[in-house]
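# Structural description and commentary
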Amino acid sequence: MTTQATDSPGSLYGVVSLVLGSVALISVVFSGVVGIAIPLLCGSLAVALAALGLNAGIHRVKCAIGLTTGGLSVLYLIYLLITFMS
């Protein structure tokens, strides 16, 4: 029997970071159409929520996937901005 509550607000970190990371990764592919604001916002939120979830220790696999997908989308946008600005 576990002593940790499963329906606390902290249990949503993994799911929300996974969804936001997936949205960021999909929308970064279509950044020419939707702009860079949506993937940048969703990716940054995915990274922040995944870091909080990993710190809390709840749903570590979902948090790691959300951290990876959100981080990749943000790093790809930064790479694009550096490439086309210089």
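Everything discussed here concerns the structure shown above.
Because the structure is a prediction, the values reported are computed rather than measured. (Residues numbered from 1 in each chain as written. Predicted model: local features only at pLDDT ≥ 70, side-chain atom pairs only at ≥ 80, totals over all residues. Heavy atoms only, no water.)

## Some remarks on the overall build of the protein chain
When you go through the protein chain residue by residue, the secondary structure sums to 4 helices and 0 strands. Along its sequence from the N terminus, the protein chain presents helices and strands in the succession α-α-α-α. In the protein chain, which comprises 86 residues, the proportion classed as buried is 29%. Contacts in the protein chain between residues far apart in sequence, at least 24 positions, make up 71% of those at least 6 positions apart. Carbon and sulfur atoms make up 76% of the accessible area of the protein chain, which totals about 5500 Å². (Helix = DSSP H or I, 4+ residues; strand = E, 2+ residues; numbered from the N terminus. Buried < 20%, exposed > 50% of the residue type's maximum accessible area, 1.4 Å probe, protein only. Contact = heavy atoms within 4.5 Å. Areas by Shrake-Rupley, 256 points an atom, 1.4 Å probe, with all protein chains shown as cover.)

## Considering helix 4 (residues 60–85)
The first and last C-alpha atoms of helix 4 sit 37 Å apart over 26 residues, in line with the 38 Å expected at 1.5 Å per residue. For helix 4, the full list of buried residues reads Cys63, Gly66, Thr69, Gly70, Gly71, Ser73, Val74 and Leu77. Buried positions along helix 4 lie against helix 1 (13–29) and helix 3 (37–56). (Expected span 1.5 Å × (residues − 1).)

## Observations concerning the environment of Val15
Structurally, Val15 can be placed in helix 1. For Val15, a relative accessible area of 35% gives the class partly exposed. Between the C-alpha atom of Val15 and that of Lys62, which follows or precedes it by 47 residues, the distance is 6.4 Å.

## What about the packing of helix 1 against helix 4?
Taken N-terminus to C-terminus, the directions of helix 1 and helix 4 make an angle of 30°; their axes are 7 Å apart at the nearest point. Taken together, helix 1 and helix 4 sit at an angle that is classed as roughly parallel. Crossing handedness for the pair helix 1 and helix 4: left-handed. Mapping the contact onto sequence places Tyr13, Gly14, Val15, Ser17, Leu18, Gly21, Ser22, Ala24, Leu25 and Val28 in helix 1 and Lys62, Cys63, Ile65, Gly66, Thr69, Gly70, Leu72, Ser73, Tyr76 and Leu77 in helix 4. Its residues assigned to classes, the contact of helix 1 with helix 4 comprises 11 nonpolar, 8 polar and 1 charged. (Axes fitted to C-alpha atoms, helices over the stretch in contact; angles between N-to-C directions. Parallel < 35°, antiparallel > 145°, perpendicular 65-115°, else oblique. Left-handed = near helix turned anticlockwise from the far one by under 90°. Nonpolar A, V, L, I, M, F, W, Y, C, P; charged D, E, K, R; others polar.)

## Quick look at a nonpolar patch on the surface
The grouping of Leu12, Val15, Val16, Val19, Val23, Ile26, Val29, Phe30, Val33, Val34 and Ile38 at the surface amounts to a nonpolar patch, some 980 Å² of accessible area in total. Elements with a contribution of two residues or more to the nonpolar patch: helix 1 and helix 2 (31–34). Examining the composition of the nonpolar patch, we find that 6 residues originate from one element, helix 1, more than from any other. With respect to the helices and strands, Val19 occurs in helix 1. (Patch = residues over 30% accessible without salt bridge, like charges linked within 9 Å, V, L, I, M, F, W, Y side chains within 5 Å. Salt bridge = Lys/Arg side-chain N within 4 Å of Asp/Glu carboxyl O.)

## Points about the packing of helix 3 against helix 4
Running from N to C, helix 3 and helix 4 cross one another at 145°; their axes reach a closest spacing of 8 Å. The hand of the helix 3/helix 4 crossing is left-handed. Two secondary-structure elements touch here, helix 3 through Pro39, Leu40, Gly43, Ser44, Ala46, Val47, Ala50, Gly53 and Leu54 and helix 4 through Arg60, Cys63, Ala64, Gly66, Leu67, Gly70, Gly71, Ser73, Val74 and Leu77.

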